[in-house]
Amino acid sequence: MIDEQLICRLQAGDTRAFDELYDRHSPRLLGYLRRMVGDSERAQDLLHDVFLRLVERCDRIDTQRPFSRWLYSVAHNLCCSELRHSHVRRDKSNDLSLELRFQVAETQPLTPDHGLDDERFLAALDSALANLEPERRSVFVLRHAHQWPIAQISEAVGCPEGTVKSRLFHATRALAASLRPFDPTGPTP
Amino acid sequence: MNERHDTNPYDTDTTDCERLHTLLDINGGLVSLQTLDRQFADLHLSTCEACRREQHLLTSISAKWSLTPQPQPHGAIRSKLHAVIRRQHTSVLDGIFAWLRLPAPAYTIAVIALLIAGVSGVQTERAPQLLMIQTVPSLVDTSAPLPELTRTDSDNVLANFRLLDRLQRPEFPDSAARVLPYRRVDG
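Residues numbered from 1 in each chain as written. Chains lettered and ligands numbered in written order. Predicted model: local features only at pLDDT ≥ 70, side-chain atom pairs only at ≥ 80, totals over all residues.

What about the overall build of chain B?
Thinking step 1. Along its length, chain B carries 10 helices and 0 strands.
Thinking step 2. Its helices and strands taken in sequence order, chain B reads α-α-α-α-α-α-α-α-α-α from the N to the C terminus.
Thinking step 3. Looking at chain B as a whole, 9% of its 187 residues are labelled buried.
Thinking step 4. Excluding contacts between residues fewer than 6 apart, the proportion of contacts in chain B whose partners are at least 24 apart in sequence is 46%. (Helix = DSSP H or I, 4+ residues; strand = E, 2+ residues; numbered from the N terminus. Buried ≥ 20, exposed ≤ 12 C-beta atoms within 10 Å, placed from the backbone. Contact = placed C-beta atoms within 7 Å.)

Structural data, given as structure tokens:
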């Protein structure tokens, strides 16, 4: 059964339809949320909020359009809102730990073949992502973690395709600059 | 100032760089490019170090992310949401059937009262509806020119005339004093 049929059943209060939708989408969505907010527990909270919106507003979902775009559109908006608020009330200790992780990643000696040590690379990538604006971060994650095409991202984040391309370009440039120590193709700084 | 110059950490030709990024983003990689686009991409990558690094980085990131195991949601989230669905559905049913749970005496009293009213033929004399005149206030002012009337307005005016006639009948002896001065304006 496709997502849109399950939405119709959920509108009638069918919890099995909800379970089906939840099982299909929650792990990948949680991955997106985790990369967006950079914290597993906050990502779990946001996952709850996204599916709560689904439960509360399922009668307003347009079943003629792909459900995943609606879902990620809600997730994108919640993340951007959360990140804007948390930027204001950012906890100092979290900030320090993030900085420390990045410093460790930067200062540890690179392997002789400049190979990408997975753990350090992913930690540095998380830190670099955290420094991107939420809108750029979102399109980057959808494009490179979820392999979504530009048009689909454009619908989910609610902006023109040109804006998505521009955000991707600048996100890539900024990440490349942040992750230069891991670049095996160029000289080390 | 153009946004891209603000954030561009490299001193390169962003127009060609952006074109390459767009081509690769749309086509999903170098191998999918058409001949001309592929020639442009190869040429640009051979001259632009920044783009070469970025393409390598993007390949690495996609590869690492694809190997990262997907996180699993907490079990408590599902059960919380189940509770919300049940509560929502129950509250809808509650709204529909709430009237069934009224206490029996209230039902009985209401039904008996309705029956008594129906059987005894209780009728109340309706008060003259002077309020109708107030629905077209501009017409009460006899010096004001008549506006263009819609069908509803015309109906109201006719109804007011009928009401005035009725008020001046003998069964309402004191009604004449309560009638507002009114003059019919023809045309």
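So much for the structure itself; the text now carries on.
Quick notes on the environment of Ile85 of chain B
Thinking step 1. Here Ile85 of chain B shows up in helix 5 (residues 75-97).
Thinking step 2. Judged by the 19 C-beta atoms lying within 10 Å of it, Ile85 of chain B is partly exposed.
Thinking step 3. With near-sequence residues (within four places) excluded, Ile85 of chain B lies in contact with Gly13, Thr15, Phe18 and Val55 of chain A.

Quick look at the confidence of the model for chain A
Fine structural detail should not be taken from predicted coordinates in areas where pLDDT scores are low.
All names here are of chain A.
Thinking step 1. Per-residue confidence for chain A averages 82 on the pLDDT scale, and 81% of its residues sit at or above 70.
Thinking step 2. Across chain A, element-level confidence peaks in helix 7 (residues 134-144) with a mean pLDDT of 93 and bottoms out in helix 5 (residues 92-107) with 49.
Thinking step 3. The low-confidence segment residues 102-107 (pLDDT under 50) makes 6 contacts with residues lying over four places distant or belonging to another chain.
Thinking step 4. Every residue in residues 109-115 scores below 50 in pLDDT, and together they form 5 contacts with partners more than four places removed in sequence or on other chains. (pLDDT = per-residue confidence, 0-100.)

Considerations on the interface of chain B and chain A
Thinking step 1. Facing 37 residues of chain B, the contacting portion of chain A comprises 40 residues.
Thinking step 2. Mapped onto the side of chain B that touches chain A, the elements with two or more residues apiece are helix 1 (3-7), helix 2 (14-27), helix 4 (49-67) and helix 5 of chain B.
Thinking step 3. Across the side of chain B that touches chain A, the residue classes break down as 14 nonpolar, 13 polar and 10 charged. (Nonpolar A, V, L, I, M, F, W, Y, C, P; charged D, E, K, R; others polar.)

Some details on the packing of helix 8 (residues 150-157) of chain A against helix 9 (residues 161-178) of chain A
Residue and element names in this part refer to chain A.
Thinking step 1. Packing of helix 8 against helix 9 brings their axes to within 9 Å, and their N-to-C directions diverge by 100°. Taken together, helix 8 and helix 9 sit at an angle that is classed as roughly perpendicular. Where helix 8 approaches helix 9, its residues Ile150, Ala151, Ile153, Ser154 and Val157 are matched on the opposing element by Glu161, Val164 and Lys165.
Thinking step 2. Its residues placed into classes, the contact of helix 8 with helix 9 shows 5 nonpolar, 1 polar and 2 charged. (Axes fitted to C-alpha atoms, helices over the stretch in contact; angles between N-to-C directions. Parallel < 35°, antiparallel > 145°, perpendicular 65-115°, else oblique.)

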